[in-house]
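# Report on the structure
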Number of protein chains: 2
Amino acid sequence: MGAEARAAPAVEILAFDVFGTVVDWHGSIAREVHAIDPTVDGSAFANAWRDGYQPAMARVRSGEFGWTKIDDLHRMILDAILPRFGLGSMPEAQRRQLNLAWHRLDPWPEAVAGLERLKVKYRLCTLSNGNLGLLANMARRARLPWDLILSAEVFRHYKPDPETYLGVADVFDVAPSQVMLVAAHKSDLHAAKACGLATAFVERPTEFGSDVVNDVSRDPAFDIHATGFDHLANQLGC
Amino acid sequence: MGAEARAAPAVEILAFDVFGTVVDWHGSIAREVHAIDPTVDGSAFANAWRDGYQPAMARVRSGEFGWTKIDDLHRMILDAILPRFGLGSMPEAQRRQLNLAWHRLDPWPEAVAGLERLKVKYRLCTLSNGNLGLLANMARRARLPWDLILSAEVFRHYKPDPETYLGVADVFDVAPSQVMLVAAHKSDLHAAKACGLATAFVERPTEFGSDVVNDVSRDPAFDIHATGFDHLANQLGC
């Protein structure tokens, strides 16, 4: 507990990665696709859609695209993968509706109760590459108790650009070390740490489905390693 | 009820002005100043602080200043008015604390219950010139049930610049006519209407204190005229 004891006292803001950390995008997308066509491998579809995400954001980060919302990147990727799954003839209205599946992602079972515990002591915000409208619709549906929804859209930079992590500290007028990024992704946490943020890794072993092995091993670089938000709350003295 | 019947069906998003419309800045600031020094006229102090607000934002809007948060504009104005009220020797720590009074504004007595009613049918957001951190702290303390906190800080433009009103529609991916601005200020509503938004005027007759006459007369330019959020909810069929 030495690392938490060192880092925790000054932390005032918990900033949460969302896709995979708070909500189960894989299971939610797989269920939506399965409901449209039970012959499609929903798990493979979800992972194919998500696989297009980092390359699409990289084209924004490099300047090849101007600022583009995740909703629009999701749609570009969707159009590209539909034929691969035999769904190339899906009509426009259904594509629009399916694209909004990312607004309807279900939280991990313990997430909301864990956030409510953490909220008693800390201010909670998102720090997601998802756009503001998406995150607001998701929070309303899933009753996620954010004090503030922050997004790459506010900073006009996608994670892992430093402007995002430092932007949280600026918004709340605190030092970077008073913000803790909570995420299930080590690359996100390493980038936050490089900006001076405190870091908490959360295990989400089935993020990519139960048949994909996901690295949830402890990395001593991070201040906290937690099996979920309840375990995080325990370690933060909530 | 003809105007509401025409405007209401398409509206999905209610965007709220905050200072004066949702929260009683005058009474809250007057109380904080009175608690510091009972010999100061808290009402006059509150109005003097607020009087500096539009001119300060105008210097940002004109480009004279780069982007500057309301917290920082409030502090500049505070430093300028303290000597006028015999408080010129106030120490730095107390100035910082007093400046945060704008994060601790109390809502009008019926505001929270009215917002809860409206939230059942509509998505609720702020559209305030207040900065994100201020609005988040205020919402947490006063339990304001926003689906999304939007601020001039997101759009890097202060109201009444069109980028703010149109920005709300863009964030939620709806037409401007599907957003209704709710405000106690006619100039704000006229600017929103010019951008195609629906408009609801809310009477806050004591916004500047009980001894200042505030124009709350009906203006037929707006879709709805309400005496408060309950009255607004009635007219919107909530």
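About the cut-offs
- Residues numbered from 1 in each chain as written.
- Chains lettered and ligands numbered in written order.
- Predicted model: local features only at pLDDT ≥ 70, side-chain atom pairs only at ≥ 80, totals over all residues.
- Helix = DSSP H or I, 4+ residues; strand = E, 2+ residues; numbered from the N terminus.
- Buried ≥ 20, exposed ≤ 12 C-beta atoms within 10 Å, placed from the backbone.
- Contact = placed C-beta atoms within 7 Å.
- Axes fitted to C-alpha atoms, helices over the stretch in contact; angles between N-to-C directions.
- Parallel < 35°, antiparallel > 145°, perpendicular 65-115°, else oblique.
- Left-handed = near helix turned anticlockwise from the far one by under 90°.
- Nonpolar A, V, L, I, M, F, W, Y, C, P; charged D, E, K, R; others polar.
- Domains from an automatic or database assignment.
- Pairing = 2+ DSSP bridges.
- Least-squares fit on C-alpha atoms with pLDDT ≥ 70 in both.

Residue and element names in this part refer to chain A. Take P145: it is sitting in the loop between helix 8 (132-142) and strand 3 (148-151). Overall, the presence of 13 C-beta atoms within 10 Å leaves P145 in the partly exposed class. Put simply, P145 and K119 are 26 residues apart on the chain and 7.8 Å apart in space, counted from C-alpha to C-alpha. Every residue in contact with P145, bar those within four places of it in the chain, is listed here: L115, E116, K119 and L124.

Residue and element names in this part refer to chain A. Axis separation between helix 2 (residues 25-36) and helix 3 (residues 42-51) bottoms out at 8 Å; the angle between their running directions is 120 degrees. Taken together, the axis directions place helix 2 and helix 3 in an arrangement best described as oblique. Helix 2 and helix 3 meet at a crossing whose hand is right-handed. The residues of helix 3 that touch helix 2, namely those facing W25, H26, I29, A30, R31, V33 and H34, are G42, S43, F45, A46, N47, W49 and R50. Of the residues assigned to the contact of helix 2 with helix 3, the class counts are 7 nonpolar, 5 polar and 2 charged.

This part covers the interface of chain B and chain A. A common way to express how large an interface is: the accessible area buried when the components associate. Across the boundary between the two partners, chain B contributes 14 residues, which contact 14 residues of chain A. The set of elements that each furnish at least two residues to the side of chain B that touches chain A consists of helix 8 (132-142), strand 3 (148-151) and helix 10 (162-172) of chain B. The element that contributes the greatest number of residues to the side of chain B that touches chain A is helix 8 of chain B, accounting for 5 residues. Here the residues of the side of chain B that touches chain A sort into 8 nonpolar, 1 polar and 5 charged.

Turning our attention to the domain arrangement of chain A. Residues and elements named next belong to chain A. What the domain assignment lists for chain A is domain 1 (2-24 + 106-235) and domain 2 (25-103). Look at where the C-alpha atoms of domain 1 and domain 2 centre, and you get two points 24 Å apart. If you look at the interface, domain 1 gives 18 residues, while domain 2 gives 15 residues. Tallying contributions element by element places helix 8 first for the side of domain 1 that touches domain 2, with 3 residues.

Further remarks concern helix 8 of chain B. Residue and element names in this part refer to chain B. Helix 8 sits mainly inside the fold: 8 of its 11 residues count as buried. Where helix 8 is concerned, the buried positions are L132, G133, L134, L135, A136, N137, M138 and A139. Where helix 8 terminates, the next one or two residues include R143, which has phi positive at roughly 55 degrees.

A few words now on the sheet that holds strand 2 (residues 123-128) of chain B. All names here are of chain B. Taking strand neighbours across the sheet as the criterion, the 6 strands line up as 3-2-1-4-5-6 in an open arrangement whose pairing is parallel. Edge positions in the sheet fall to strand 3 and strand 6 (224-226), since each of these pairs with one other strand and no more. Between one strand axis and the next, the sheet turns through 25 degrees on average, direction left out of account. Pairing of strand 5 (residues 198-202) with strand 6 involves 3 bridges; the strand directions are parallel. Its bridge partner lying in strand 6, A200 is registered against I224.

Further remarks concern the environment of A226 of chain A. All names here are of chain A. Looking at the element boundaries, A226 is found in strand 6 (residues 224-226). With 133 residues separating them along the chain, A226 and A93 place their C-alpha atoms 41 Å apart. A226 has contacts with A200, F201, V202, H231, L232 and Q235, leaving out every residue within four places of it along the chain.

Take the pairing of strand 1 (residues 13-16) of chain A next. Along a regular strand, successive side chains alternate from one face of the sheet to the other. Residues and elements named next belong to chain A. By the alternation rule, side chains of strand 1 split into I13 and A15 and L14 and F16, which are all buried. When strand 1 meets strand 4 (residues 179-183), the two strands line up parallel, connected through 4 bridges. When the bridges of strand 4 are listed, F16 appears paired with V182.

Of the transformation superimposing chain B on chain A, the axial component is 0.0 Å and the angular component is 180 degrees, with the fit at an RMSD of 0.0 Å. In short, the pair behaves as if placed about a two-fold rotation axis. No C-alpha of chain B lies nearer the rotation axis than that of V154 of chain B, which sits 2.7 Å from it. The residues that chain B uses at the interface reappear at the interface of chain A in 100% of cases, marking a shared surface.

Residue and element names in this part refer to chain A. Sheet architecture is open: 6 strands sit in the order 3-2-1-4-5-6, paired in parallel fashion. The open sheet terminates on both sides in strands that have one partner only, identified here as strand 3 and strand 6. The sheet shows a mean angle of 25 degrees between the axes of neighbouring strands, taken without regard to direction. Note that strand 4 and strand 5 (residues 198-202) share 4 bridges and pair parallel. Each residue of the ladder has a partner; that of L181, found in strand 5, is T199.

Residue and element names in this part refer to chain A. Across the junction of K159 and P160, the peptide omega takes the value 10 degrees, indicating a cis bond. Tracing the backbone shows P160 in the loop between helix 9 (152-155) and helix 10 (162-172). Positioned with a positive phi, R143 is a non-glycine residue whose angle comes to about 60 degrees. Mapped onto the elements of the fold, R143 is located in the loop between helix 8 and strand 3. Look at R143 and you get exposed, because 10 C-beta atoms sit within 10 Å. Even without being glycine, R156 reaches a positive phi, approximately 55 degrees. Along the chain, R156 falls in the loop between helix 9 and helix 10.

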